[in-house]
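Structural description and commentary
Okay, here's what each chain looks like letter by letter:
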Amino acid sequence: MNPFKLIKKTLKWIVVAFFASTILSVVVYRFLPVWVTPLMVIRCCQQVSEGRDLKLSHDWEPLENISPSLPVAVIASEDARFMEHHGFDYEAIEHAAKRNREHPEKRKLGASTISQQTAKNVFLWPGRSWTRKGFEVYFTTLIELLWSKQRIMEVYLNSIEMGEGIYGAQAVAEEHFGKDAKDLSRAQCALIAATLPNPRKFSSKSPSSYMLKRQARILKEMHYVKSFPLRSEK
């Protein structure tokens, strides 16, 4: 066979396999719990390589078994237009780009939505390369097309990093507050949401004065967020 035809055929099947496998994985996770993510594996490898004790605390809970205040808190903190956009908040992107351009000396402002963070957490690796960002756009589009907003929130709250070796609402509720996720108070939910920009630096167990200020601001903003429908998609 002509080597160019062989290369063309091989590339074709690689592309077909990529789209088939990624779409299938998104469909599967529409119904099944996400027990492990690439980030969890990476963090465990980092712990071992640095000679630290291995820690992975993660328990999956359906959305209806999580405090109704937690989705409201993360929407208020991370993505005010979560229920309105289709994966990308173009107003936030424009605002972040303008602010970063006009104030390059300040910390870069991000504009990732809950949908984008979910796509990144479940299907991708940490990083800021354009390649990873391209895959993030692809997977965000897929989950917005194939999952409901309730399912996206359910996966987000169960997979996001919430502390050193802690992933998801149930794990952080047990480790930091000694209770189940469904019993978290409104204030505790706001405090958890306040850590999400950097949960390995900020702690909801031992909050600093800065964290308490963030918590207070999120509690105020939660008054403007409509209650989130907790019935998860089966």
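Everything that follows concerns the structure shown earlier in this document.
Below, the structure is looked at part by part.

Calculation criteria
Residues numbered from 1 in each chain as written. Predicted model: local features only at pLDDT ≥ 70, side-chain atom pairs only at ≥ 80, totals over all residues. Heavy atoms only, no water. Core = buried A, V, L, I, M, F, W, Y, C linked by side-chain atoms within 4.5 Å. Buried < 20%, exposed > 50% of the residue type's maximum accessible area, 1.4 Å probe, protein only. Helix = DSSP H or I, 4+ residues; strand = E, 2+ residues; numbered from the N terminus. Contact = heavy atoms within 4.5 Å. Axes fitted to C-alpha atoms, helices over the stretch in contact; angles between N-to-C directions. Parallel < 35°, antiparallel > 145°, perpendicular 65-115°, else oblique. Left-handed = near helix turned anticlockwise from the far one by under 90°. Nonpolar A, V, L, I, M, F, W, Y, C, P; charged D, E, K, R; others polar. Expected span 1.5 Å × (residues − 1). Salt bridge = Lys/Arg side-chain N within 4 Å of Asp/Glu carboxyl O. Phe/Tyr/Trp six-rings, centres within 6.5 Å; stacked < 30°, edge-to-face > 60°. Pairing = 2+ DSSP bridges.

The biggest cluster of nonpolar side chains holds 49 residues, and the ones touching the most others in it are Val74 and Met153. The set of elements that each furnish at least two residues to this core consists of helix 3 (69-78), helix 5 (114-123), helix 6 (130-146), helix 7 (149-159), helix 8 (169-177), helix 9 (186-195) and helix 10 (209-222). In contact with Val74, other than residues within four places in its own chain, are Asp79, Ile114, Met153, Tyr156, Leu157, Ala193 and Leu196.

This brings us to the packing of helix 1 (residues 3-29) against helix 6. It is the contact of helix 1 with helix 6, at a shortest axis distance of 10 Å, that shows an interaxial angle of 50°. For the element pair helix 1 / helix 6, the angle class is oblique. Helix-helix and strand crossings are classified by hand; for helix 1 and helix 6 the assignment is right-handed. Between helix 1 and helix 6, the contacting residues are Phe18, Phe19, Thr22, Ile23, Val26 and Val27 on the first element and Phe135, Tyr138, Phe139, Leu142, Ile143 and Leu146 on the second. Taken together, the residues of the contact of helix 1 with helix 6 break down into 11 nonpolar, 1 polar and no charged.

This brings us to helix 6. Under the 1.5 Å per step criterion, the end-to-end length of helix 6 is 24 Å for 17 residues, consistent within 8% with the ideal 24 Å. Buried positions along helix 6 lie against helix 1, helix 5 and helix 7.

Let us look at the pattern of salt bridges. One pass over the full model with this rule turns up 14 salt bridges. Arg52 serves as the salt-bridge partner of Glu164, at 3.0 Å between the closest nitrogen and oxygen. In this pair, Glu164 is assigned in the loop between strand 2 (161-163) and strand 3 (166-167) and Arg52 in the loop between helix 2 (38-49) and strand 1 (57-58), connecting sequence segments 112 residues apart. Given the relative accessible area of 30%, Glu164 is considered partly exposed. Among the residues examined, Arg52 registers a relative accessible area of 31% and is labelled partly exposed. Glu164 is the salt-bridge partner of Arg200, the closest N and O atoms lying 3.3 Å from each other. With Arg200 in the loop between helix 9 and helix 10 and Glu164 in the loop between strand 2 and strand 3, this pair connects stretches of sequence that are 36 residues apart. Judged by its relative accessible area of 36%, Arg200 falls in the partly exposed class.

The next subject is the environment of Ala181. Mapped onto the fold, Ala181 is located in the loop between helix 8 and helix 9. Separated by 12 residues in the primary sequence, Ala181 and Ala169 have C-alpha atoms spaced 5.7 Å apart. The residues touching Ala181, leaving out its near neighbours within four places in the chain, are Asn65, Ile66, Ser67, Ala169, Gln170 and Ala173.

Across all of its chains, the model carries 12 aromatic pairs by this definition. Here Trp125 and Phe135 contribute two aromatic rings whose centre-to-centre distance is 6.1 Å and whose plane-to-plane angle is 65°, an arrangement assigned as edge-to-face. With a gap of 10 residues between them, Trp125 in the loop between helix 5 and helix 6 and Phe135 in helix 6 connect regions that are remote in the sequence. Summarising the aromatic geometry, the rings of Phe202 and Tyr210 are spaced 5.6 Å apart at their centres and angled 45° between planes, so their arrangement reads as tilted. Under the relative-accessibility criterion, Tyr210 is labelled partly exposed at 44%.

Bringing the environment of Trp60 into the picture now. Secondary-structure assignment places Trp60 in the loop between strand 1 and helix 3. For Trp60, a relative accessible area of 13% gives the class buried. Separated by 98 residues in the primary sequence, Trp60 and Asn158 place their C-alpha atoms 5.8 Å from one another.

The strand order 1-3-2 describes an open sheet built from 3 strands, whose pairing is mixed. Since the sheet does not close on itself, it has two edges, and those belong to strand 1 and strand 2, each with one partner.

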